[in-house]
Structure formats: C-alpha cells, structure tokens
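Here is how the chains run, residue by residue.
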Amino acid sequence: MRGLCINSITMFAPFLSPAPPSPLLSFNRFSHISPPSCIPAADLLRVASRRLISATKTTQSVSTMATEEENVGNMKRQLAKIFDVSLRATVPEETDVEPLVAACAGKFGDYQCNNAMGLWSKIKGKGSQFKGPPSVGQAIMKNLPPSEIIESCSVAGPGFVNVLISKNWISKSIQKMLIDGIETWSPRLPIKRAVVDFSSPNIAKEMHVGHLRSTIIGDTLARMLEFSNVDVLRRNHVGDWGTQFGMLIEFLFEKFPNWEEVTETAIGDLQTFYKASKQRFDSDPAFKEKAQQAVVLLQGGEAKYRKAWAQICEISRNEFNRVYERLGVQLEEKGESFYNPYIPNVIKELTDKGLVEESQGARVIFIDGINIPLIVVKSDGGFNYASTDLAAIWYRLNEEKAEWIIYVTDIGQQQHFDMVFRACKRAGWLPLEDNKHPKATHVGFGLVLGEDGKRFRTRNTEVVRLVDLLDEAKSRSKAALIEREKAAEWTEAELEQIAEAVGYGAVKYADLKNNRLTNYTFNFDQMLNDKGNTAVYLLYAHARICSIIRKSGKDIEELKKTGTIVLEHEDERVLGLHLLQFSEVVEEACTNLLPNVLCEYLYNLSEIFTKKFYSNCQVVGSPQETSRLLLCEATGTVMRKCFYLLGIVPVYKI
C-alpha cells in the first residue's frame with residue numbers, strides 16, 4: 001500500500017554553468033592544430049571511448065550513466081570524448097580527470113568545457129608549467145584533436161573553453177536521424193534491467209487524484225528508460241493483503257449469501273462497499289471478531305476465504321484497468337500478496353546476518369541516525385509494509401536481476417524507503433555507494449492542490465475520483481474545440497479522439513512539467529489554455545508543423561532521401577542545435593528521474609520553432625523549401641518522441 005504525502009518540499013535551484021566573459025583566445029576549424037606528439041590521437045580516442053564521461057553537473061553525475069557503446073546522437077558525449085583526448089595530453093600525470101562539458105547559452109559558444117579551474121587547484125604547487133586557470137584552458141584548447149563536430153573554440157575568463165558546433169555537422173546529424181530513425185538518438189545507459197514500481201492503489205479502494213502523480217510520473221520514467229534501451233519491469237505493487245480483507249470478506253458473505261455468483265454489477269461501487277464494511281467493522285464488536293478470524297483463515301490458506309479474496313481483487317482490478325486504459329499506461333501487477341511467501345526466508349537471512357533484534361515484543365532493524373526502528377515483524381507475529389518491501393527488493397535483485405529499482409510514491413514515504421534501503425545495504429544486498437549498481441531509488445513527489453491551496457478534493461471533502469477527473473478534462477477539451485467551430489470540419493469520431501488526446505494530455509503535462517518534488521495546483525482553465533507552457537499549446541505547434549508539410553504537397557519520405565539540410569539562417573541553426581540536444585536531455589531526465597527536464601526541452605523546442613524559425617524563415621515556396629521542410633519534419637519527429645515519452649497522444653490537425 002502506498003500512502004499519500006502530507007508534506008511539501010522546496011525545489012532546489014538547478015546547476016548553472018558560469019557565463020563566460022569576453023574571449024581571450026580563439027581559433028577556427030583546427031586547420032593548424034596537430035594532435036599532441038607524445039600520445040597518438042587514435043590511441044587517445046580509443047581510451048576516451050572507454051572512459052566514463054562527466055558531461056554535466058546535475059543531482060547525480062551523468063558520468064555514472066556512460067557506457068562503452070558510442071552514442072552517436074549525444075553531442076555532449078561526443079564533445080566529452082574529444083576533450084578527454086585533450087586532457088590526457090594536457091595533464092597526462094592526472095589520470096582521474098574527467099571532462100566537464102555543459103551546454104551554454106553564451107554568445108561565444110554552444111558548449112563549454114569547465115575543467116581548467118578544477119585542474120589548476122590540483123596541479124598548482126606541483127611544479128606545473130601553467131600560470132593559472134586561463135593558461136590551463138588555453139592548453140586544453142590547443143591540444144584538442146581535429147574534429148568535424150567543432151567549428152571554432154575560444155577561451156574565456158578563468159579558462160572556460162567555449163565551443164561553437166559546426167553547422168555542417170548539425171545538418172548531417174539531423175539528416176542521418178531522419179533516414180535511420182529517432183532511435184539512433186536514444187541514450188545508452190549502464191544498466192540492462194530496471195524495475196519501476198508505480199501507481200500502487202489499494203484493492204477495494206477507488207483510484208483517485210492522489211494516484212495520478214505516481215501513475216503519470218512512473219509511466220514517463222518507464223518510457224524514458226525503455227527508449228534508452230533498458231528492459232523495464234513495470235510493477236504495480238497493489239495493496240492486496242492485510243487485515244482489511246477479513247472485514248471485506250465477512251461483509252461479502254453477509255450481504256450476498258450466494259457470494260460465489262456475485263458479479264461486479266451486483267456489488268456496484270466498490271468504494272461504497274468498502275465504506276459500508278468499515279462502518280460495520282467499527283460499530284459491531286461481533287462482526288469485528290469475525291473479520292479478525294477471517295484474516296487468520298485467509299492467511300492460513302482456507303479455500304473459501306482465498307476464493308472470496310480473489311473475487312474482490314478481480315473486481316477492483318477491473319476498475320483499475322479501465323483507468324490505466326484511458327491513460328495509456330501498461331503495468332504488470334505483483335501486489336503485496338505476491339511477496340508474502342518470501343518474507344519468512346528474507347527475515348531469517350537478515351536475522352542470520354545479525355541485523356534483526358528484539359524490541360518490545362517486535363523484531364526490528366535499527367538504522368543509525370534514525371530514532372525509530374524498522375519493524376519487520378510486529379509484536380503479534382504479523383508482517384507489515386517493511387516486511388513486504390524487503391522481500392520485494394530481495395526478489396527483484398535475485399529473481400528478476402534488476403540493476404535499478406525505482407519506487408514512485410509521495411514524498412511522505414521518503415524516510416520509510418530510506419530505512420529499507422539502508423537495511424539492504426547493511427545486509428550486503430545493495431552497495432554502500434549510491435552511484436554503484438544495483439541500486440534502489442525513491443522517487444518522491446508532492447501534493448496535488450486545489451485552488452484554495454489545500455489538498456485537491458470535491459466540495460463535500462471527498463477525494464476526487466480519477467475517472468471523473470479524466471471525464472471532465474475530455475469534456476472541457478471537446479467544448480473548446482466545438483467553440484472553435486472544429487465540429488463542422490471533423491467527423492464525430494475525429495472530434496472524440498482529438499478531445500481525448502488534448503484533454504488527457506493536458507492533465508498529464510500539467511503534472512509532469514513541474515519538478516516532481518513540489519506541490520502543484522490543479523486548474524483546468526490553466527492546463528487547457530492554448531497559450532503558454534501547456535500540452536494544448538504544444539499539440540497545436542505539432543499540428544501546425546504537420547499542416548506546413550501537407551500544404552507543401554511534397555513527399556516528405558522522398559525528400560529525406562534526396563534533399564539536403566542547409567543551416568544558413570541563424571534561426572535555422574538555433575533550431576538544428578536544439579534538435580541535436582534531444583538525446584542528452586533524455587539522458588539527464590533519466591539520470592535524475594525528472595520528467596520536467598524533458599517537458600522544458602519540448603516547450604523550448606516549440607518556442608524556437610514557432611517564434612524564431614517559423615516567424616523568420618519562410619518554408620513553402622521559398623528557395624530553401626526542401627531544406628526547411630526537412631527541418632519541419634525533424635522537429636515533428638522529435639516532438640512526437642517527446643510526446644510518446646510523456647504518455648501524450650499527438651494530434652496532426654487542430
């Protein structure tokens with residue numbers, strides 16, 4: 001069972017690379033530069049291709065996400081390899097230096113290598129030939145091997161090496177993607193298999209807005225990892241075991257004498273059924289005693305009780321699946337009951353390793369620095385959430401061979417998972433270092449708030465049913481389309497499909513565009529606005545791109561084979577460069593498990609296309625029509641992949 005958070009958390013400011021002052025030294029195309037004579041460039045490149053690359057300073061170093069396989073679509077990694085060659089030549093005695101390459105928005109370059117200051121602090125006083133960070137930066141630039149990627153370089157301030165990317169290389173890379181497919185730009189992560197544990201509603205309780213964030217965030221993380229060539233096990237750890245089932249089973253027996261023939265229709269609203277059984281449990285001591293005995297019989301394997309339990313689970317599961325189908329979310333259920341048989345042996349292993357102690361009749365694991373113990377066996381001998389979570393981690397590591405286990409729950413469960421993970425480290429199941437695999441990570445998220453600033457609820461203080469919320473999103477979207485007189489242009493089926501895509505997409509994007517650690521306010525008017533950073537604006541931008549290509553009358557697939565992209569206009573280059581940064585953005589979002597990073601990229605892509613390229617570069621009927629149509633297609637291709645990763649269905653006309 002995954003509870004809901006009652007806390008909020010402050011968003012941390014993102015890392016910002018320093019803005020360089022005016023350049024001190026520059027050169028173009030490396031026409032006069034030779035590889036350092038002391039180490040052959042070919043050998044250095046082979047070494048560089050095997051090194052881990054620290055490509056950006058984010059919450060977790062991207063160097064942990066590198067692999068030996070070359071990622072042709074990741075410009076930051078390509079540059080890091082080149083700078084790695086230079087660093088080996090510049091400071092051959094410093095063997096543990098990794099390139100620090102980051103995108104920058106300065107007028108002197110597109111990317112920046114920021115190693116000079118750190119290197120200087122390591123080598124000064126060692127009889128170095130260098131006089132300070134600027135001279136280190138100049139040497140790094142001088143020792144760069146020739147590369148078709150780099151147009152020019154300059155050194156600024158305390159040794160920042162600014163890089164201007166070659167327009168020709170940008171063009172060639174985009175054309176290659178159009179021919180070979182967007183998958184050639186997928187990141188390469190150092191893991192083969194991950195478990196993403198998300199959604200996790202409780203059986204016999206209806207899914208509500210509180211489950212929205214876990215489901216949406218978890219699905220996006222799974223999609224991004226899958227795109228990055230990771231085998232993802234999408235796990236729905238539903239609450240399908242525990243004392244409440246005794247109450248539900250006895251109420252089922254009492255209300256329906258022929259309970260084996262009871263259908264979903266007969267029970268009706270399962271949430272109402274649950275509330276009625278809970279009221280009976282709280283008010284009738286005799287019923288409460290029967291319910292408690294039913295738990296014992298259920299957990300003991302009594303056939304009648306197991307069958308009734310399975311029936312209740314199936315009815316609830318059908319309700320969940322209707323929501324998942326609407327959201328386009330795929331999950332494989334392995335609930336609490338699945339791991340129950342593994343708990344005794346897991347507790348025994350932890351006990352044999354000396355981790356489990358007796359405390360006030362319970363069996364617990366004490367965690368350094370935390371004043372409450374992790375209870376693994378209750379005083380009555382029963383198991384709890386910690387018991388199940390420990391068994392689940394053991395199973396996922398040993399049976400499913402997961403290298404990364406990701407739990408998507410509210411931020412209020414942070415301490416629980418921290419204690420569970422630390423217990424696993426003490427047991428030797430997980431490495432002590434957080435940057436080594438296998439590892440387990442808790443992905444926390446804040447609350448969904450109403451416009452009153454309080455937890456999002458209905459007027460009668462009930463939590464908002466997820467089905468109702470999605471219905472209203474679609475209904476409002478359809479009304480807006482009708483108001484725009486689209487009903488006359490489209491068939492009823494088209495209107496329904498587009499209203500659903502826009503409505504559901506708006507709900508998802510409004511959540512995902514925020515840093516997941518923060519609370520966000522649910523507001524239909526804002527999320528369905530066609531201006532600003534909304535899914536509606538992004539879907540309209542994509543539809544506009546498709547319209548431009550249609551109006552040209554050209555066969556875009558034929559143009560991919562015969563046409564050439566030429567980035568002569570500055571806004572063409574800006575668009576091309578941003579397209580080429582797609583892979584590194586997905587990698588950063590995967591590394592730090594932050595979908596909002598991808599949302600920001602997508603919004604900026606739409607803004608660059610609409611307000612720069614489309615406004616200043618005529619496409620249809622221009623001398624550059626072929627090149628610009630290919631840029632339109634490349635933008636549409638990247639946008640569609642972003643939509644897919646965010647679980648949003650694109651629209652092609654609006």
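What counts, and where the lines are drawn
Residues numbered from 1 in each chain as written. Predicted model: local features only at pLDDT ≥ 70, side-chain atom pairs only at ≥ 80, totals over all residues. Heavy atoms only, no water. UniProt positions renumbered as here; feature names shortened; annotations may be inferred. Helix = DSSP H or I, 4+ residues; strand = E, 2+ residues; numbered from the N terminus. Contact = heavy atoms within 4.5 Å. Areas by Shrake-Rupley, 256 points an atom, 1.4 Å probe, with all protein chains shown as cover. Pairing = 2+ DSSP bridges. Buried < 20%, exposed > 50% of the residue type's maximum accessible area, 1.4 Å probe, protein only. Core = buried A, V, L, I, M, F, W, Y, C linked by side-chain atoms within 4.5 Å. Right-handed = clockwise from strand over helix to strand, strands pointing away. Salt bridge = Lys/Arg side-chain N within 4 Å of Asp/Glu carboxyl O. pLDDT = per-residue confidence, 0-100. Axes fitted to C-alpha atoms, helices over the stretch in contact; angles between N-to-C directions. 1 Å grid on protein atoms, 1.4 Å probe; cavity = no way out; pocket = protein on both sides within 12 Å on 5 of 7 lines; lining within 4 Å. Points joined across faces, edges and corners; volume = space filled by probe spheres on them. Nonpolar A, V, L, I, M, F, W, Y, C, P; charged D, E, K, R; others polar. Phe/Tyr/Trp six-rings, centres within 6.5 Å; stacked < 30°, edge-to-face > 60°. Lys NZ or Arg CZ within 6 Å of the ring centre and 35° of its normal.

With an unreviewed UniProt entry as reference, the protein chain is termed arginine--tRNA ligase, source organism Cucurbita maxima. Here the protein chain is described in UniProt, under the heading Function (unreviewed entry), as follows: "Forms part of a macromolecular complex that catalyzes the attachment of specific amino acids to cognate tRNAs during protein synthesis." According to its UniProt record, the protein chain has this under Catalytic activity (unreviewed entry): "tRNA(Arg) + L-arginine + ATP = L-arginyl-tRNA(Arg) + AMP + diphosphate".

Visitor: For this particular structure, what's the right way to read the overall build of the protein chain?
Guide: In terms of regular secondary structure, the protein chain is built from 24 helices and 15 strands. Within the protein chain, contacts between residues at least 6 apart in sequence are counted, and of these 75% link residues at least 24 apart. Carbon and sulfur atoms provide 50% of the accessible area of the protein chain, an area that totals close to 28400 Å².

Visitor: Looking at this structure, I do not really get the sheet that holds strand β13 (residues 439–443). What am I missing?
Guide: Hydrogen bonds between backbone atoms are what pair the strands of a sheet, whose relative direction is either parallel or antiparallel. If you trace the five strands from one edge of the open sheet to the other, you get β8-β7-β6-β12-β13, paired in parallel fashion. Among the strands making up the open sheet, the edge pair consists of β8 (332–333) and β13. Alignment of strand β6 (residues 193–197) against strand β12 (residues 404–408), held across four bridges, turns out to be parallel. In the strand pairing of β12, Val196 is matched with Ile406.

Visitor: Is there a simple way to explain the environment of Arg213 in this structure?
Guide: Within the secondary structure, Arg213 is located in helix α6 (residues 212–227). Using a relative accessible area of 1% as the deciding quantity, one classes Arg213 as buried. Considered as a pair, Arg213 and Gly444 are 231 residues apart in the sequence and their alpha carbons are 9.9 Å apart. With near-sequence residues (within four places) excluded, Arg213 lies in contact with Gly218, Phe445, Gly446, Leu447, Val448, Asp511, Asn515, Arg516, Thr518, Asn519 and Tyr520.

Visitor: Help me out: how do you make sense of the nonpolar core in this one?
Guide: Within soluble globular proteins, side chains that are nonpolar tend to cluster in buried spots. If you look at the biggest cluster of nonpolar residues, it comprises 165 residues, and the most contacted ones within it are Ile165, Ile174, Leu225, Phe522, Phe582 and Val638. Considering every element that reaches this core, the biggest residue donor is helix α17 (residues 492–512), with eleven residues. Each residue touching Leu225, except ones within four places of it in the same chain, is listed here: Leu189, Ala194, Val196, Val230, Val232, Trp404, Ile406 and Cys590. In terms of nonpolar packing, the next biggest core, distinct from the first, is built from 36 residues, Leu355, Ile365, Ala423 and Cys424 among them.

Visitor: What exactly am I supposed to notice about the pairing of β12 here?
Guide: Burial within β12 is extensive, with five of its five residues counted as buried. Residue alternation in β12 divides its side chains into two sets, Trp404, Ile406 and Val408 and Ile405 and Tyr407, and both sets are buried. Alignment of β12 against β13, held across five bridges, turns out to be parallel. Bridge pairing in β13 places Val408 opposite Val443. Crossover handedness for the path β12 to helix α15 (residues 414–426) to β13: right-handed.

Visitor: Is there a simple way to explain the pattern of salt bridges in this structure?
Guide: Pairs may arise between side chains of opposite charge once their charged atoms sit close together. Within this structure, the stated rule accounts for 47 salt bridges. Note that Lys122 is salt-bridged to Asp96, the shortest N-O span being 2.8 Å. With Lys122 in helix α3 (residues 116–123) and Asp96 in the loop between α2 (75–90) and β2 (101–103), this residue pair connects regions lying 26 residues apart in the sequence. Among the residues examined, Lys122 registers a relative accessible area of 30% and is labelled partly exposed.

Visitor: Quick question: what am I supposed to make of the confidence of the model for the protein chain here?
Guide: Low-confidence regions, as indicated by low pLDDT, have predicted coordinates that should not be scrutinised in detail. A residue-level look at the protein chain finds 87% of positions with pLDDT of 70 or above and a mean pLDDT of 86. Low pLDDT, under 50, characterises residues 3–69; the predicted model gives this stretch 154 contacts beyond four residues in sequence or across chains.

Visitor: Would you mind showing me how to read the sheet that holds strand β11 (residues 374–377) here?
Guide: One open sheet holds the three strands; their spatial order is β9-β10-β11, and the pairing between them is antiparallel. Looking at strand neighbours, the two that pair on one side only are β9 (357–359) and β11, the edges of this open sheet. Across this sheet, the average inter-strand angle for adjacent strands is 50°, counted without regard to direction. One ladder, built from three bridges, connects β9 with strand β10 (residues 362–365); its direction is antiparallel. Bridge pairing in β10 links Ser359 to Ala362. Docked against the sheet, helix α14 (residues 385–398) engages β10 and β11, running at close to 85° with respect to β11.

Visitor: Would you mind going over the layout of surface pockets with me for this structure?
Guide: By rolling a water-sized probe across the atoms, one finds the places where empty space is left. Of the volumes computed, that of the second largest pocket is approximately 510 Å³. Contributing to the lining of the second largest pocket are 19 residues, with Gly242, Thr243, Gln299, Lys378 and Phe383 lying nearest its centre. Elements that contribute at least two residues to the lining of the second largest pocket include exactly α10 (285–299) and α14. Tallying contributions element by element places α10 first for the lining of the second largest pocket, with four residues. For the lining of the second largest pocket, a count of residues per class yields six nonpolar, ten polar and three charged.

Visitor: Looking at this structure, how should I read the packing of aromatic side chains?
Guide: Scanning the entire structure with this criterion turns up 21 aromatic pairs. Note on Phe338 and Tyr339: the rings are 5.1 Å apart at their centroids and 85° apart in plane angle, and the pair reads as edge-to-face. We classify Phe338 as partly exposed; its relative accessible area is 29%. Arranged with centres 5.1 Å apart and planes meeting at 85°, the rings of Phe338 and Tyr395 form a pair that is edge-to-face. Here Phe338, found in helix α12 (residues 336–339), pairs with Tyr395, found in helix α14; they are 57 residues apart in sequence, far enough to count as distant. These aromatic residues form a ring-pair network of at least three members: Phe338, Tyr339, Tyr342, Trp394 and Tyr395. A cation sits over an aromatic face here: Lys304 above Phe253, 4.4 Å from the ring centre. For Lys439, the ring lying beneath its charged end belongs to Trp404, and the centroid distance is 4.4 Å.

Visitor: Just to check I follow, could you spell out unusual backbone geometry for this structure?
Guide: Leave glycine aside and you will find that most residues have negative phi; peptide bonds, for their part, are mostly trans. Look at the link from His437 to Pro438: it is a cis peptide, with omega at 0°. Following the sequence through the fold, Pro438 ends up in the loop between α15 and β13. In this structure, Gln360 is a non-glycine residue whose phi angle is positive, near 55°. Along the chain, Gln360 turns up in the loop between β9 and β10.

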